[in-house]
Structure formats: structure tokens, C-alpha cells
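Each chain, letter by letter, is given below.
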Amino acid sequence: MRANSISDKLFSILKPLRSQLQLSAIPSLCSAANGQILVPGNTFCRIKCPEGCLSGSARSFGVQPPFRACWESRSLDVASFLCPCLPASVNLCPSRSNPAPSSEVQGLAYVTAAGDDTPSVLGGPSAAVGSSLAKSGGRGCSKCHCKRKERPPSLDQRGHGTDGLPKVLPREEEWLSEGFSSYNGGGMNGTSTMMDFLEEPLPGVGTYEDFNTIDWVREKSRDRDRHREITSRSKESTWALIHSVSDAFSGWLLMLLIGLLAGSLAGLIDISAHWMTDLKEGVCLAGFWFNHEHCCWKSNTTFTDRDKCPEWKSWSQLILGHGEGAFAYILNYFMYVIWALLFSLLAVLLVKGFAPYACGSGIPEIKTILSGFIIRGYLGKWTLIIKTITLVLAVSSGLSLGKEGPLVHVACCCGNILCHLFTKYRKNEAKRREVLSAAAAAGVSVAFGAPIGGVLFSLEEVSYYFPLKTLWRSFFAALVAAFTLRSINPFGNSRLVLFYVEFHMPWHLLELVPFILLGIFGGLWGAFFIRSNIAWCRRRKTTKLGKYPVLEVFVVTAITAILAFPNEYTRMSTSELISELFNDCGILDSSKLCEYVNDFNSTKGDDLPDRAAGPGVYTAMWQLALALIMKVFITIFTFGMKVPSGLFIPSMAVGAIAGRLLGVAMEQVAYYHHDWAIFSGWCSQGADCITPGLYAMVGAAACLGGVTRMTVSLVVIMFELTGGLEYIVPLMAAAMTSKWVADAIGREGIYDAHIRLNGYPFLEAKEEFSHKTLAMDVMRPRRNDPPLTVITQDSMTVEDVETIINETTYSGYPVVVSRESQRLVGFVLRRDLIISVENARKKQDGIVSTSIIYFTDHSPPLPPSSPSMLKLRSILDLSPFTVTDQTPMEIVVDIFRKLGLRQCLVTHNGKLLGIITKKDVLKHIAQLANQDPDSILFN
């Protein structure tokens, strides 16, 4: 029989201790249920069994998790599982292995013999305590809080359940549901219910407040502990093994979902923006949802008149019945401006009313978030919805902005929202940032149709922590996103971007000179743009201008639309402009840029030789020059407004215009002066030796590099756009030149400049700290400052701690042995402290303002009349990072960068001197760079 075997095993184990236990019914000693021990008899002790205490002989009883009996097979200290007020390590019962009770014992355990009301004391700290127990008449030990109950049936009488364990009676289940009595380290103060912080973590403990930095070291340590636990459990059962495999696979599944969602949203944005941009000029009669190009697909017009199909009507044709004449032009002009104002106003009102974080590019904030900063709501669902809608509106309004930067923000929102489906990413901020790095790669992948460039962009530009595993997953997410966008085919050309081009003619070594000139122009433009835009944005922040975002958007949109309509190169969308500038003129091209004087006798196949420019080319050159001036200045005021605004496309447009102008000039010089020495070797008469579209592409890369300071990822993105390996060297030369020139004028890229403008605590990993200062020069408190606010380990009351919290705004507090010794014990976060104290006041009996808070393993000795004590050791960081006061600051800065610390403590000969936070480091760097240290606003 199952009961007999359990009884026999239990009897054999407890036989050596029978003399001390004085039990008449060994088989009815205990049973396990719901992870608790019941001790039948005239007295019950109820105990919650800690995880992992089942071992040795106890395992042979068939008691499996979570039904674990608290047995210690080493010496079978019965008190450790009979009395809830004792930790498992305390050996209370006198036995062969421990004949005398420990002096540190804070509790008392006893078992009443069957049919006897007098308790038999197993052990205790003193005879006085034993006598007080005897005087209680067996009603219970106030320390162990054992309560008298009527005698229940024995194990054999109650029968067994399906799991082979003794049945738990209904009354016992009711009794168990009341909660566990526990000793809280105070005096004999009656029954109190205490929350076990070690076994049941409080909701909110270990999380972070808004606008604070995460602790990378703690988050990575948590993830390693979680992974070790899953790995160890995977060997116990098949279900645990399946859980381990699913945990490992969850990261790849998350990348798949991010790629699918980001690609789908990008396709939706591209299709919508293309349609709404054309809506400013007219509407399709065959279906209002068709844009101009799709509307004319089924038309029977000739190739040269493909833009004049009868299905597409301009607003003047629709309203007046004709499209010629001054009045028709004015009406089209008016409708263009009205639609632009309507789109931009709708965008800014949606952003202002529903999601203020949906404005701007998003890349500066994403860089800051990936470095460990918390901005609640920045990657939330409302931000995603509003950013997707307003991005379409802003791009369609004709403002000098692009959708590529905001697409990175959209993809990161997708990643953050999908992280909530998986526990290991939802509960760990460091793991979530690995996902956001991969999501940023997917965003660039769908923005440019460049999956490899997206991965390199995430690595080079936005990511702070980028392990090898994240590199693989970023590649997979970018691949899925590009495949999804290609399946949607938003542009109808089987390409991922609107301006995909292919060049067929090689470049010559002498062309490196104009390519480097374009690099110099890109660097100068980048430095000029950054300084001008930052000055305007600072003015917006510090004056009344920032209080009227709707008016600002209205005025800038009106000026842009009024200036843009007369010039066909500014009237069209910026993506279409870049596509036309990149284009290599063919025989059938009807653009003004391709109106050359044709000599068909010299035409060989599809390749056209260099030709003399016709009137259309010269007209286009003047219009492009005016467009260049407009784009250069209007972009300064547009970037940073309260609408989604990317910088990639406007910067590329400026460079592409400059490059096309230079390319056409080089082409004409080579045509008319092919006998010059520089052309004689490679550019003979009738040869196609200069490709103006290539110059436009190199110029676009140069200007984008000058603004963002990207190098490797920029070259790869541009290479993936063109599909030509042989143009990598011109792109590299232009990108490096623009970076060198821009860095010579100002070290910061546009995103770093906006991070500093907004006061975000971003510690740039690329810059070196070369100053000879020490930790004692930066730490707080400084000389003549009030002493450092600390918490002692076992002598402060709840009221003292609450006073410190209310009177200070620090993110955490060092814990020391005493104010006199200043010996460091650990560090406790403000948020964890507030949550733990509030929970203890609500849910734990006996916690009052005069209750002592202690962070040690054992409670300090106090008079019996003292109120219950509050143990908060579980929220204490016992291994805070420390440096000595003589540590050079260059080492401290490297530690903060590479470990992602929030703070480190400064000691001298083992005594706590002060604290250095990330904000202190950033202020110190700003001060040494002659910048305003108070510009660092956040912790």
C-alpha cells in the first residue's frame, strides 16, 4: 500500500529523533499540499516551502514541484520545516548533529504529542521562552504563531488522492487560504502577516521610472539567471525541454513578426503617399483611388504623351472643362496650395492632439532609447498609429522632408509593441533594446530597399549595444521586411524604391576629382545645415515660437507650396525628383534633362554618346539651380517641426541636384573640348564617357554623409540602390571626404546635435576622453555641499526613509553600515524602495512609521515591545560598481560607456565618499568642452 510505504520511510528517517520529538503517532506527522506542510495533532504549524528545498530522502516520497516538502536530508532539522519563522539554514532542534540550539535562533518550534495538551519543546533560545510557552497552555507560540486546532484524522484515515499524496480536508484548504503567519523579526507582538519579498517579487520592483536610464548590468544578470534556470529545468521533463526550445526560438519568431508588420506598413505608407501627392494636381476619373501613373496604365496614348492620358484630369480640367490659359493655371496653383495646407494642418493637429511623440524624425530619440534611456509612450501603439497616418499626410503636403527616418521610428514601434507578446522581452529592458536594434535595421531596409545597408545603419548609427546574435537577427528582420515590401510592390516597378537606377558605363580615374569636389560640397552643406537647424530649433524652444506649432507648420507649408508650384522640379515629390536626377538619359526619355541635340547616326544600340545640350537642358539647369537654393534653406526650417519629418530624402535631393548640375557641366566640357589632355585618353568624340546620373548619385551620398556622418552603411545603401559594384569607389571617396570636411567644422552629426539640444543623457561611444581629471573631481557631494544622503542597514525607521524619499529626488541611495563608519553595504533604487514600503504598509500587519527597516540577513536585536520590522534585503544591490577617489576620469568614462552604468560609488580606504552618475559624467564632459553643463536635463 502507498500509505504504508510512506509511513515506513518516514518512520525510518525520523527514528533517530523520536526521543526528542516525543510523538506517539509518527505516520501522522505531516503531509504536503500546495507547497505547505501540515502537522496534524492538537497543534498545527503552517509553512510555505521555499523553492528547491526538496532533496535526498524526501524525494523518495514522490512529492514533486510545486508540492515540495521542506526537508533537509543532511541532518533532518525538523524545526526548519515545522516552524515558519525559521530560515531553512537554522538548526533549532537538539539532535545528534546539533546537541545545543544556536544562540542566533529567533524562533521556537514544538510538537504536541497525540492526545496531550502540553507541548513538548524541541528547542529554544532560553528557558524563559520555554516556560512562557508552557504557560500558554498549548495555545500557540507567539513567535511561530502555531494555532490550536481540533485533531484531524490521521494519514491512514483520510485516504489518498490521485497523486498518491494524503488528501487535504476542506477545512484545511480554508485554513491554508487564510495566508501564512510568519515571524518578522520583531518582538512578541502577536500574529502578523508578512509578504515574503524574496519568494514573491512585488509588481513594479526592478522597473524604471520615466526619463531614467536602465541598469544594463542588472538587466543582463537577470537574463543570465533566467536562462540558467530554464536550461537546468530542461533536463527534468519533456515539457521543460519544449519550453526551453520555444524560449530559444521566440527571438526569431519575434523578428519574423517585426519584418512582416514593418514591411506591410511601409507598403501602405508608400502607396498612400504616392496617391495623395498626385491628388494635389488632379484626380483619376477611372477611380479616385488611382494615382497618376496607375491611372494611365490602361490608356492608349503614345509614349511621349503618357502623362496626358484622358482618364487623368487636372483640377482646372475638372472644374473649368479645360486646362489651358492663365485662369486654369491659377486654379491649379490655388488647389495645390489648399491641398498642401490641408494635409499639413491635419498632420500637426493629429500629432498635437493624440501623440506628441509622433513628430520629427525619431532617430535621435531611438539612439537615446537604445543607449538605455526610458521614454514611456515614445514607442507605444498610439505613437505608431498617429505616426503612420501623419507621415503620409506630411510627405503628401510637399514639405521638404522624407519618410525614411520616420520609417525607422515606425519599425521600432512595431518591435516594442510585439515585444509584449514574449515574456523574456517584456520584462527585460536590455533584451528589448536588442529587438529595437533589429527593428531599426528593418526600418531602413524598407525605407531604401537595402536590407544589408539597414543592418549596417543600425550597427553604425543608432545601436549602443550590438552583440553578434543581434546582428544575425537584424539581418533576418531586414530580409523579411524587404521581402514583404517586394511582395506588396508599392511602386508597380518590381523594385523596393522609387528611384532604383542602373548605370552601364564605367567611370574613369580622373573623375575622382569632381567626385571629391562633390564630397567637399556635401561636408560644407552638412555643417551649414546642422548649425543653422540647431540654431533655429533652439530659438523655437526658448521663444514663444514653440508655443504655436500649428501656426509654424501653416506658415512653412504655405511658403513651401507657393514657391514650389511654379518650378516643376520642386512641384513633384522629392522621391520623384531624385529618381529623375539619377536617371541616365535614353532615347525615349521625354524629360527636359534629356533634351539633347540628337545625332542618330552615331547611336550604337541603347548607349547614347555625349551630345550637345539642347534648350530643354539649359532650362532645366536654371530650374534645378533655383530648386537647389530653395531646398537648402527651406529644409532648415522644416526639420524639427511638429510633424513627422525625415532628413534622408531632402539631403539626398540637395546633393543630387548639385551632382546633376556638375555632371551636365562635365559632360558638355568633355563634348566640346574632347581634345584636351585630360579627356584625350578616355573620352574621344562620339563616345559616352560622362554619366550625369552617376554624379547625382555621388552628390546625394556626399550630402547625406555630411549631415548624418554615416560612412560604411551609407555606401552600402547607395550601392544597393544602384545595383552596381563598380561605383563603390566613387561613393566611398565622396562619403569620406564629406565626413572629413564636416568633422573639421563640427564634430557632431545632426542626430547627436539634436540629442544634445534636447538634453538626453547619451554618452557617445565614438569620442575619446583626453582630460586629466580624477573621480574625486566629478563625484558628488563636492566641497561645501551637504553630506551624501545614505540609508543605514539596520537602524532607520520607515518614517526616516520616507522623509529621505520626500525631501530628495535622487534615483537611488547608498546603504551603509552606519553613519559613523560609512562602510558600504549596497545600493537601493528609489523606485524599489517606494514600492516595497507602500506594499508593506498595505499588506503586512504591524508595519508603522516607527518600524525598523533592515537590509541584513538577520534582524537586529530589539526590545520585545518594538513594532514589527521590515526586511528589504531582496531589493538591495549587494554588488554596486565602485571606484576609488583617485581613479582617472578617462577610466570612469570608459566604464560608463562599456558597462552602461547608471551610477558608480566612490570610496576611499573602503569608506564611502560620494557618487558619480551618468548625468555627472555628461555634465563634466560638457563643461570641459565649454558647453552649458545644465543642458543635460535628464538622469
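Placed above this text is the structure.
Conventions we followed
Residues numbered from 1 in each chain as written. Predicted model: local features only at pLDDT ≥ 70, side-chain atom pairs only at ≥ 80, totals over all residues. Heavy atoms only, no water. Helix = DSSP H or I, 4+ residues; strand = E, 2+ residues; numbered from the N terminus. Areas by Shrake-Rupley, 256 points an atom, 1.4 Å probe, with all protein chains shown as cover. Disulfide = S-S within 2.5 Å. Buried < 20%, exposed > 50% of the residue type's maximum accessible area, 1.4 Å probe, protein only. Pairing = 2+ DSSP bridges. Right-handed = clockwise from strand over helix to strand, strands pointing away. Salt bridge = Lys/Arg side-chain N within 4 Å of Asp/Glu carboxyl O. Axes fitted to C-alpha atoms, helices over the stretch in contact; angles between N-to-C directions. Parallel < 35°, antiparallel > 145°, perpendicular 65-115°, else oblique. Left-handed = near helix turned anticlockwise from the far one by under 90°. Contact = heavy atoms within 4.5 Å. Nonpolar A, V, L, I, M, F, W, Y, C, P; charged D, E, K, R; others polar. Expected span 1.5 Å × (residues − 1). Core = buried A, V, L, I, M, F, W, Y, C linked by side-chain atoms within 4.5 Å. Phe/Tyr/Trp six-rings, centres within 6.5 Å; stacked < 30°, edge-to-face > 60°. Lys NZ or Arg CZ within 6 Å of the ring centre and 35° of its normal. Patch = residues over 30% accessible without salt bridge, like charges linked within 9 Å, V, L, I, M, F, W, Y side chains within 5 Å.

Colleague: Give me the overall build of the protein: which residues, what numbers.
Modeller: Along its length, the protein carries 34 helices and 18 strands. Summed over all atoms, the accessible surface of the protein reaches about 41400 Å², with 59% contributed by carbon and sulfur.

Colleague: Report on the state of the cysteines, specifying residues and quantitative values.
Modeller: Tallied over the full model, the rule gives 2 disulfides. Here cysteine 284 is linked by a disulfide to cysteine 295, with a sulfur-sulfur distance of 2.0 Å. Residues cysteine 284 and cysteine 295 share a disulfide whose torsion about the S-S bond is about 80 degrees; that sign makes it right-handed. Note that cysteine 284 is positioned in strand E8 (residues 282-284) and cysteine 295 in helix H9 (residues 292-295), a separation of 11 residues in sequence. Cysteine 284 gets classed as buried once you look at its relative accessible area, which sits at 3%. Two residues, cysteine 296 and cysteine 309, share a disulfide whose sulfurs are 1.9 Å apart. Judged by the sign of its S-S torsion, about -55 degrees, the cystine formed by cysteine 296 and cysteine 309 is left-handed. Taken together, the positions of cysteine 296 in the loop between H9 and strand E9 (312-314) and cysteine 309 in the loop between H9 and E9 put the pair 13 residues apart, joining distant regions of the chain. Exposure class is identical for cysteine 296 and cysteine 309. Each is buried.

Colleague: Kindly report on the sheet that holds strand E15 (residues 870-871), identifying the contributing residues and their values.
Modeller: Ordered by their spatial adjacency, 3 strands build an open sheet running E11-E14-E15, and the pairing between neighbours is mixed. Pairing within the sheet leaves two strands with one partner each, and these edge strands are strand E11 (796-797) and E15. Where E11 lies against strand E14 (residues 852-854), 2 bridges are found, and the strand directions are antiparallel. Bridge pairing in E14 places methionine 796 opposite isoleucine 853.

Colleague: Give a description of the pairing of strand E17 (residues 903-908) that names residues and reports values.
Modeller: Among the 6 residues that make up E17, 5 are buried, leaving the element largely enclosed by the rest of the structure. Note that strand E16 (residues 882-884) and E17 share 3 bridges and pair parallel. Bridge pairing in E17 places valine 883 opposite valine 906. Note on the crossover from E16 through helix H33 (residues 889-899) to E17: the handedness is right-handed. Two strands pair when backbone bridges link them, and E17 and strand E18 (residues 911-917) are joined in this way by 6 bridges, in the antiparallel orientation. When the sheet's bridge partners are listed, cysteine 904 is paired in E18 with isoleucine 916. In this structure, the hairpin formed by E17 and E18 is closed by a connection of 2 residues, where asparagine 909 is found at a positive phi of approximately 55 degrees.

Colleague: Run through the pattern of salt bridges, naming residues and quoting values.
Modeller: Evaluation of the coordinates by the stated rule reveals 23 salt bridges. Across the salt bridge formed by arginine 222 and glutamate 219, the nearest N and O atoms sit 3.4 Å from each other. Of this pair, arginine 222 and glutamate 219 both sit in helix H7 (residues 216-233), 3 residues apart, which is roughly one turn of the helix. Residue class for glutamate 219 comes out buried when judged on its relative accessible area of 1%. The shortest N-O distance in the salt bridge between glutamate 568 and lysine 592 comes to 3.1 Å. In this pair, glutamate 568 is assigned in helix H21 (residues 568-571) and lysine 592 in the loop between helix H22 (574-582) and helix H23 (615-638), connecting sequence segments 24 residues apart. Bridged by salt links that share partners, the residues Asp223, Arg226, Asp247 and Lys424 form one connected network.

Colleague: Lay out the packing of helix H14 (residues 404-419) against helix H16 (residues 429-448) with the relevant residues and their values.
Modeller: The N-to-C vectors of H14 and H16 enclose an angle of 140 degrees; their axes lie 7 Å apart at closest approach. Relative to H16, the element H14 lies oblique. In the crossing of H14 with H16, the sense of the turn from one axis to the other is right-handed. Across the interface between the two elements, Glu404, Leu407, Val408, Ala411, Cys412, Gly415, Asn416 and Cys419 from H14 touch Arg432, Val435, Leu436, Ala439, Ala440, Gly443, Val444, Ala447 and Phe448 from H16. Residues that form the contact of H14 with H16 fall into these classes: 12 nonpolar, 3 polar and 2 charged.

Colleague: How would you sum up H23? Please name residues and give values.
Modeller: Under the 1.5 Å per step criterion, the end-to-end length of H23 is 34 Å for 24 residues, consistent within 8% with the ideal 34 Å. Once H23 finishes, glycine 640 follows within two positions and takes phi at roughly 110 degrees, a positive value.

Colleague: Can you explain the nonpolar core? Please cite residues and give values.
Modeller: Side chains of a nonpolar character, in soluble globular proteins, are inclined to be buried together. By size, the foremost hydrophobic cluster in this structure holds 164 residues, and its most contacted members are Leu254, Phe448, Phe582, Val643, Met652, Met718 and Ile916. Ranked by residue count, the leading element in this core is helix H26 (residues 692-708), at 11 residues. With near-sequence residues (within four places) excluded, phenylalanine 582 lies in contact with Phe499, Val501, Phe503, Met652, Ala656, Arg660, Gly693, Ala696, Met697, Ala700 and Met718. Ile791, Val828, Ile847 and Ile853 belong to the second largest nonpolar core, which has 20 residues in total.

Colleague: If you had to explain the sheet that holds strand E12 (residues 812-816) to someone new, which residues and values would you point to?
Modeller: In spatial order, the strands read E10-E12-E13; together these 3 strands make up an open sheet with mixed pairing. Looking at which strands have only one partner, the edges of the open sheet turn out to be strand E10 (791-792) and strand E13 (824-829). Sheet topology places E10 next to E12; 2 bridges connect them, and they run parallel. Within E12, the position partnered with isoleucine 791 by the bridge is valine 815. Against the sheet, helix H32 (residues 830-843) touches E10, E12 and E13, its axis set at about 75 degrees to E13.

Colleague: Would you mind going over the environment of alanine 564 in detail, with residue names and values included?
Modeller: By the secondary structure assignment, alanine 564 is in helix H20 (residues 549-564). Assessed through its relative accessible area of 0%, alanine 564 is described here as buried.

Colleague: Hey, could you go over the packing of aromatic side chains for me, with residue numbers and the actual values?
Modeller: One pass over the structure, following the stated rule, counts 25 aromatic pairs. Relative to phenylalanine 565, the ring of tyrosine 333 has its centre 4.7 Å away and its plane inclined at 25 degrees; by these criteria the two rings are stacked. Taken together, the residues span a long stretch of sequence, with tyrosine 333 in helix H11 (residues 326-354) and phenylalanine 565 in the loop between H20 and H21 at a distance of 232 residues. By the burial criterion, tyrosine 333 is buried, and phenylalanine 565 matches it. Residue placement shows arginine 473 over the ring face of tryptophan 252; its charged tip is 5.4 Å from the ring centre. Positioned above the aromatic ring of phenylalanine 565, the side-chain terminus of arginine 571 is 4.4 Å from the ring centre.

Colleague: Hey, could you go over unusual backbone geometry for me, with residue numbers and the actual values?
Modeller: The bulk of non-glycine residues show a negative phi, and the bulk of peptide bonds are trans. In this structure, the amide linkage connecting arginine 780 to the following residue, proline 781, adopts the cis form with an omega of 0 degrees. We note that arginine 709 has phi near 65 degrees; this positive angle belongs to a residue other than glycine. Tracing the chain through its elements places arginine 709 in the loop between H26 and helix H27 (712-722). Its relative accessible area of 8% is what places arginine 709 among the buried residues. Of note in the backbone geometry, glutamine 822 takes a positive phi value of approximately 55 degrees without being a glycine. Mapped onto the elements of the fold, glutamine 822 is located in the loop between E12 and E13. On the accessibility criterion, glutamine 822 (18% relative accessible area) is buried.

Colleague: Outline the environment of lysine 642, listing residues and values.
Modeller: Within the secondary structure, lysine 642 sits in the loop between H23 and helix H24 (648-672). For lysine 642, a relative accessible area of 37% translates into the label partly exposed. In this structure, the C-alpha to C-alpha distance between lysine 642 and tyrosine 357, residues 285 residues apart in sequence, is 9.0 Å. Lysine 642 has contacts with Val348, Val351, Cys359, Pro549 and Val553, leaving out every residue within four places of it along the chain.

Colleague: Explain the side chain of aspartate 270 residue by residue, including any values.
Modeller: Within the secondary structure, aspartate 270 is located in helix H8 (residues 238-279). Those residues in contact with aspartate 270 that sit more than four places away from it in its chain are Lys403, Leu485, Pro490 and Phe491.

Colleague: Account for a nonpolar patch on the surface, naming residues and giving values.
Modeller: Judged by side-chain polarity, Phe249, Trp252, Leu253, Leu256, Leu260, Leu468 and Trp472 come together as a nonpolar surface patch covering roughly 650 Å² of accessible area. Per-element tally for the nonpolar patch: the top contributor is H8, with 5 residues. With respect to the secondary-structure elements, leucine 468 resides in helix H18 (residues 468-488). Here leucine 468 falls in the exposed class, since its relative accessible area comes to 52%.

Colleague: Account for the packing of H7 against H16, with residues named and values stated.
Modeller: Their axes nearest at 7 Å, the elements H7 and H16 cross at an angle of 95 degrees. In terms of orientation, H7 lies roughly perpendicular with respect to H16. In this structure, H7 contributes Trp216, Glu219, Lys220 and Asp223 to the contact, and H16 contributes Glu429, Ala430, Lys431, Arg433 and Glu434.

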